[in-house]
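# Breakdown of the fold
If you want the building blocks of each chain, they are given just below.
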There are 2 protein chains.
Amino acid sequence: MNRILLESSEIRKGVATFGGARAVHVLEVLHGEIGQVLKTGEIDGRIGTGEIIGLSASDDDPWVRVRCEHAEESRRPWVDLILAPPRPRVMKRLLPQLAAIGVGRLVLVGAQKVEKDFWGATLLKEAIYRPLLIDGLMQAGTSILPTLETRRNFRRFLREELDDMFPGTLRLVAHPAATATYGDRRQSSAVDGCRRPLLAIGPEGGWTDDEVQLLESRGFTRHSLGPRILRTDTATVALLAQLMKEFDR
Amino acid sequence: MNRILLESSEIRKGVATFGGARAVHVLEVLHGEIGQVLKTGEIDGRIGTGEIIGLSASDDDPWVRVRCEHAEESRRPWVDLILAPPRPRVMKRLLPQLAAIGVGRLVLVGAQKVEKDFWGATLLKEAIYRPLLIDGLMQAGTSILPTLETRRNFRRFLREELDDMFPGTLRLVAHPAATATYGDRRQSSAVDGCRRPLLAIGPEGGWTDDEVQLLESRGFTRHSLGPRILRTDTATVALLAQLMKEFDR
């Protein structure tokens, strides 16, 4: 945790008391004591510092109380993701990483090779995925929570909702068979760098040819990671890292 | 698995029979049948194809027999890594990804913030880590196995072994506080692109200032991923992905 994030409901008159994993981290890793100043922030709000004004290191129920000064704007998300989800176990590991890297809006879509029982996963409950996203933000030191939406009907989503949800985006579809990488194209189009990237990443078995064609018909261009075929979660982080560098985010 | 890899000891007169996870994959995912041609390869050897000439789909002990034609050179590793290891659980997830991305030589070093009990982890036994590396190669479709070495005495390793083990490398140390990214520097030095990169990545708590200075004194320059602080395994994949793009590997 590189920043302790607080729910707005936890902060009253500039003071917040928290327990659980955050308190254990402050007490055991940061060796928190009265007067110590922590990096803190409000989820979906501003960031800044919190001075420790009270604490209890009891094993049963440790807690920390801070007085917050949150005056600074958090670094904002800079990329959106349309993801045909991998297995819940893989997805669970991926979510904090997506939040940390700066994904703003995450839409999980029902591509053909997505396992049908994914859509019943408990991971899709906000009570489960929200803390995972917050973990990622606390790691990265930012505070703006990504949104997560599901669209099982991939075709209808592309046809009816895509343009309204993601206007003016630079649309890229991850595809091993692409010959041009994003960097090649960027050299031929100086305006690209001003548009927010929207990345479509296929399921563990890949997009079908139909799905790639459909994405292309909606303005997505193919983007390759190179000749090695990476696992979907590795590929997702790798592509986002490459874009992060291209876009200097 | 995008390529089935075989131990050289498994191949006799161009024919190999294998069971276990590889056989299950061929039979259940690839719907293998007699005459079908698979992508295969020999670990640390050449790659090519294997025609299925026998199989048993028995639940207890499935096996597949292939006649191999391995005439093609595998894509070779292109980067080396000095890694202060994260917890074994994280390391275990990272190993296949490192092999898939193309790491050639991996040296695990004892930086100050590496947990002492890491060095007793069963993961360090070749019988445990080797299959994980092979999984990564089978994902990526390559066949050259990374080597894994351990050097608990980080200072002695840098002083006495580094130059002999990694001559002429472009040395980069991952450090959040770096101001220049690799790309910035590359523009000022056209020869960099010809040197094999050697990346030093710190432990979960980061390198100490002393350690960074020591690396700098050995020719490592600081390399930043950007303003977000990523978890060590995410950062490792992200940095390698960015270098992969820079070096066009």
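Just so we're clear, the structure is a prediction, and the values are computed from it rather than from any experiment.

Conventions we followed
- Going along each chain's sequence as written, the residues are numbered from 1 onward.
- All chains are assigned letters beginning at A, and all ligands numbers beginning at 1, according to the order in which they are written.
- Only residues with pLDDT of at least 70 are given local features in this predicted model, and only at 80 or more are side-chain atom pairs given and counted; all residues enter the totals for whole chains, interfaces and linings.
- Calculation of side-chain values draws on the structure's entire complement of heavy atoms; hydrogens and water are dropped beforehand.
- In this description, a line fitted to the C-alpha atoms serves as the axis of each element, helices being fitted only across the stretch in contact, and the angle between N-to-C directions of two axes falls anywhere from 0 to 180 degrees.
- To qualify as a helix, a DSSP run of H or I must reach at least 4 residues; to qualify as a strand, a run of E must reach at least 2; elements of each kind are numbered from the N terminus.
- For classification purposes, angles smaller than 35 degrees are called roughly parallel, those larger than 145 roughly antiparallel, those between 65 and 115 roughly perpendicular, and all remaining angles oblique.
- Put simply, a crossing is left-handed when the front helix is turned counterclockwise from the back one by less than a right angle, and right-handed when it is turned clockwise.
- Contact definition: two residues touch when any of their heavy atoms are within 4.5 Å.
- Here the bounds of each domain stem from an automatic or database domain assignment.
- Summed over both partners, the accessible surface that disappears when two parts come together, traced with a 1.4 Å probe, is what is meant by buried area.
- Salt bridges are counted wherever a side-chain nitrogen of Lys or Arg sits within 4 Å of a carboxyl oxygen of Asp or Glu.
- Here a polar contact is recorded for every N or O atom pair within 3.5 Å, except that within protein the pair must consist of a potential hydrogen donor and a potential acceptor, and residues adjacent in sequence are included only if both atoms are side-chain atoms.
- Amino acids are sorted into nonpolar (Ala, Val, Leu, Ile, Met, Phe, Trp, Tyr, Cys and Pro), charged (Asp, Glu, Lys and Arg) and polar (every other residue, Gly among them).

### Considering the packing of helix H2 (residues 88-101) of chain A against helix H3 (residues 126-140) of chain A
All names here are of chain A. Between H2 and H3, whose axes approach to 7 Å, the crossing angle comes to 45°. Classified by the angle between their axes, H2 and H3 sit oblique to one another. Note that H2 runs across H3; the crossing there is right-handed. On H3, the residues touching Lys92, Leu95, Pro96, Ala99 and Ala100 of H2 are Tyr129, Leu132, Leu133, Gly136, Leu137 and Ala140.

### Regarding the domain arrangement of chain A
All names here are of chain A. Once the domains are mapped, chain A shows domain 1 (4-72) and domain 2 (79-246). Contact with domain 1, which involves 9 residues of that partner, is made by 9 residues of domain 2. Carbon and sulfur atoms make up 60% of the surface buried where domain 1 meets domain 2, a total of about 690 Å² over both sides. Counting every contact that joins domain 1 to domain 2 gives 1 salt bridge. For Arg130, the salt bridge is made with Glu7, and the minimal N-O distance between the two is 2.6 Å. Our count for the contact surface shared by domain 1 and domain 2 stands at 4 residue pairs in polar contact (both at pLDDT 80 or more). Its residues placed into classes, the side of domain 1 that touches domain 2 shows 4 nonpolar, 1 polar and 4 charged.

### Some words on the interface of chain A and chain B
With 31 residues of chain A at the contact, the number on the chain B side is 30 residues. Summing both sides of the interface, chain A and chain B together bury roughly 2,800 Å²; the carbon and sulfur share of this comes to 58%. Sorting the residues of chain A by area buried against chain B places Arg228, Ile229 and Lys245 of chain A first, and these three jointly supply 27% of that buried surface. The interface formed by chain A and chain B includes 2 salt bridges. Close ionic contact of Glu246 of chain B with Lys245 of chain A constitutes a salt bridge, the shortest N to O distance being 3.7 Å. At the junction of chain A with chain B, the criterion picks out 11 residue pairs in polar contact (both at pLDDT 80 or more). In terms of residues, the side of chain A that touches chain B owes the most to one element, helix H7 (residues 232-246) of chain A, which gives 8 residues. Here the side of chain A that touches chain B is composed, by residue class, of 14 nonpolar, 9 polar and 8 charged.

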